Amino acid sequence: MRDKIKVSIVGGSGYVGGELLRLLLFHPYVKILQVSSEQYAGKPVNRINPNLRRRTSLAFCSMAEVKNCDLIFLALPHGKAMVMIEHFMKLAPKIIDLSSDFRLKSPEDYKIWYEVNHPHPELLKEFVYGVAEIHREEMNDSNFIACAGCNSTATILPLYPLYLNNLVGDEGTVVEVKAGTSQGGHHFNIATHHPERANSIRAYKPTGHRHIAEIRQELKLREDQNLHFTATSVNLVRGIHVVSHVFLKDKLKEKDIWGVYRQTYSKEPFIRIVKEKLGIHRFPDPKILWGTNFCDIGFEID
């Protein structure tokens, strides 16, 4: 019988940590040792995650109480992991970071997009960007993985086959992201306060979104290749809906586009190409993806 991987989660009381905990509890080859939270240390995990009632008897511990294990997941706020990474590397040989702290390969990009001098630029090349559909082999061989951003993942996966096959022209791509409230995290502010957010459509980042750096990096865009990106908050809790206008080099037929996506994603279990002729769900809809691992991709030639 295969031995279980002994795992701890640091920062497990937020939305990301809670969802990670749910996935790991049902994983056949994982044993969760500890889940940390400074705010809720000593309290039962299922008090903050009531969907896990009768699924675990774990209680939160403090970060200082986290012991050695096989793998640590870091679900800390952005900027925390980069300054504490050496401590966590002493606790576990493998680390998966869910923040933005190790996603970018260039320390200069952290100065531009996050306005910080990265304290460990030497480690950026050690972390593999955590989109399995693109970097599965590298992830298998790496001890350090930086999970991709939410908007980045939803943008990269549909565009990757087109850029991989050099089909996009110099005019580039225009991306419009519509995002649910949960991507703002567990700590609330006036922008996520229900009376402000409910029934609202707010273009909170028309330009200059930080995830552009990840998207350009992973699609291997040249400096002269355009990518215009706008993020809009909408009246959803979960899910991201991305519409990208891609200006292709050549005039392609629908069967050509089908072929490109099939060639890239035919063996990927969580990618579904959705393009129906009838019904109201002819194209992807985040509502039918809640609580799943699926990414649905559709297309239409203009």
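The preceding data block contains the structure.
Each value, and the rule that gives it
Residue numbers restart at each chain and count upward from 1, following the sequence in its written direction. Restriction of local features to residues with pLDDT of at least 70 applies here, the model being predicted, together with a cutoff of 80 or more for giving and counting side-chain atom pairs; totals for whole chains, interfaces and linings are based on all residues. As a convention, hydrogens and water are excluded, and side-chain values are obtained from all of the structure's heavy atoms. Following DSSP output, two strands are said to pair if at least two bridges run between them. Comment: elements are numbered from the N terminus, with helices defined as DSSP H or I runs of at least four residues and strands as E runs of at least two. Angular values range over 0 to 180 degrees, each being the angle between N-to-C directions of two axes fitted as lines to C-alpha atoms, with helices fitted over their stretch in contact. A contact between two residues is defined here by any heavy atoms of the two lying within 4.5 Å. Classification of residues uses two cut-offs on accessible area relative to the type maximum, computed with a 1.4 Å probe and protein chains only: under 20% is buried, over 50% is exposed, and between them is partly exposed. In this description, the term disulfide denotes a pair of cysteine sulfurs within 2.5 Å. For Phe, Tyr and Trp, where Trp contributes only its six-membered ring, two rings pair if their centres lie within 6.5 Å, and the inter-plane angle classes them as stacked under 30 degrees, edge-to-face over 60, or tilted in between. Here, over-ring charges are defined by two tests on the NZ atom of lysine or the CZ atom of arginine: distance to the ring centre within 6 Å, and angle to the ring normal within 35 degrees. The scheme is simple: roughly parallel for angles under 35 degrees, roughly antiparallel for over 145, roughly perpendicular for 65 to 115, oblique for anything else. By convention, the crossing between two helices is left-handed when the near helix turns anticlockwise from the far helix through less than a right angle, and right-handed when the turn is clockwise. Residues are sorted three ways: Asp, Glu, Lys and Arg are charged, Ala, Val, Leu, Ile, Met, Phe, Trp, Tyr, Cys and Pro are nonpolar, and all the rest, Gly among them, are polar. In plain words, nonpolar cores are sets of buried Ala, Val, Leu, Ile, Met, Phe, Trp, Tyr and Cys residues tied together by side-chain atoms within 4.5 Å.

Draft legend 1. The sheet that holds strand S8 (residues 168-179), seen in detail. With mixed pairing, the 4 strands of this open sheet are ordered in space as S9-S10-S8-S11. A strand with exactly one partner marks an edge of an open sheet, and here the two such strands are strand S9 (202-205) and strand S11 (240-248). With strand direction ignored, the average angle separating the axes of adjacent strands in the sheet is 25 degrees. For S8 and strand S10 (residues 227-233), the ladder comprises 7 bridges, and the chain directions are parallel. Across the sheet, Val174 pairs through a bridge with His228, a residue of S10. Against the sheet, helix H6 (residues 150-164) engages S8, S9, S10 and S11, with an angle of about 150 degrees to S8.

Draft legend 2. Inspection of the sheet that holds strand S1 (residues 5-10) at higher detail. Ordered in space as S3-S2-S1-S4-S5-S7-S6, the 7 strands form an open sheet in which the pairing is parallel. On the outer flanks of this sheet lie strand S3 (60-61) and strand S6 (128-130), each paired with one strand and no other. Sheet topology places S1 next to strand S4 (residues 71-74); 4 bridges connect them, and they run parallel. Bridge pairing links Val10 to Leu74 in S4.

Draft legend 3. Structural detail: unusual backbone geometry. The backbone phi angle of Arg54 is positive, close to 65 degrees, even though this residue is not glycine. Mapped onto the fold, Arg54 is located in the loop between helix H2 (45-48) and S3. Non-glycine residue Asn166 carries a positive phi angle of around 55 degrees. With respect to the helices and strands, Asn166 occurs in the loop between H6 and S8. Classification of Asn166 by relative accessible area gives partly exposed; the value is 49%.

Draft legend 4. Quick peek at the environment of Val174. Mapping Val174 onto the fold places it in strand S8. In the structure, Val174 is positioned 56 residues away from Thr230 in sequence and 8.3 Å away in space, judged by C-alpha atoms. Not counting residues within four places of it along the chain, the set of residues in contact with Val174 comprises His228, Val243, Ser244, His245 and Phe247.

Draft legend 5. Focus on the state of the cysteines. Taken as a whole, this structure holds 0 disulfides when the rule is applied. Sulfur of Cys69: no disulfide; nearest cysteine sulfur belongs to Cys61 and is 10 Å away. Judged by its relative accessible area of 8%, Cys69 is buried. Summary of cysteine pairing: Cys147 is not part of a disulfide, and the nearest cysteine sulfur, belonging to Cys150, is at 12 Å.

Draft legend 6. Here's a closer look at the packing of aromatic side chains. Within this structure, the stated rule accounts for 7 aromatic pairs. Residues Tyr40 and Phe60 carry aromatic rings whose centres are separated by 6.3 Å and whose planes lie at 40 degrees to one another, so their mutual orientation is tilted. Here Tyr40 is found in the loop between strand S2 (30-36) and H2, whereas its partner Phe60 is found in strand S3, with 20 residues between them in sequence. When the centroid spacing of 6.0 Å and the interplanar angle of 15 degrees are considered together, the rings of Tyr261 and Phe299 count as stacked. With a gap of 38 residues between them, Tyr261 in helix H9 (residues 254-265) and Phe299 in the segment after strand S13 (295-297) connect regions that are remote in the sequence. The exposure classification of Tyr261 matches that of Phe299, with both residues buried. Ring-pair connections join several aromatic residues into one group, and the members of that group are Phe102, Phe127 and Phe144. Residue placement shows Arg272 over the ring face of Phe294; its charged tip is 4.0 Å from the ring centre.

Draft legend 7. Region of interest: the packing of H6 against helix H8 (residues 211-218). It is the contact of H6 with H8, at a shortest axis distance of 9 Å, that shows an interaxial angle of 30 degrees. By the angle between their directions, the pair H6 and H8 is classed as roughly parallel. Here H6 and H8 pass one another in a crossing that is right-handed. The segment H6 lies against H8, with Cys150, Asn151, Ser152, Thr155, Ile156 and Tyr160 engaging His211, Glu214, Ile215 and Glu218. Residues that form the contact of H6 with H8 fall into these classes: 4 nonpolar, 4 polar and 2 charged.

Draft legend 8. Region of interest: the nonpolar core. Core analysis: the largest hydrophobic core is formed by 30 residues, its most contacted members being Ile156, Leu219, Phe229, Tyr261 and Tyr265. When residues of this core are traced back to their parent elements, those giving at least two are H6, S8, H8, S10, H9 and S13. Among the elements that make up this core, the one with the highest residue count is H6 (6 residues). Counting residues in each nonpolar core, the second largest holds 25 residues, with Leu76, Met82, Phe88 and Tyr110 among its members.

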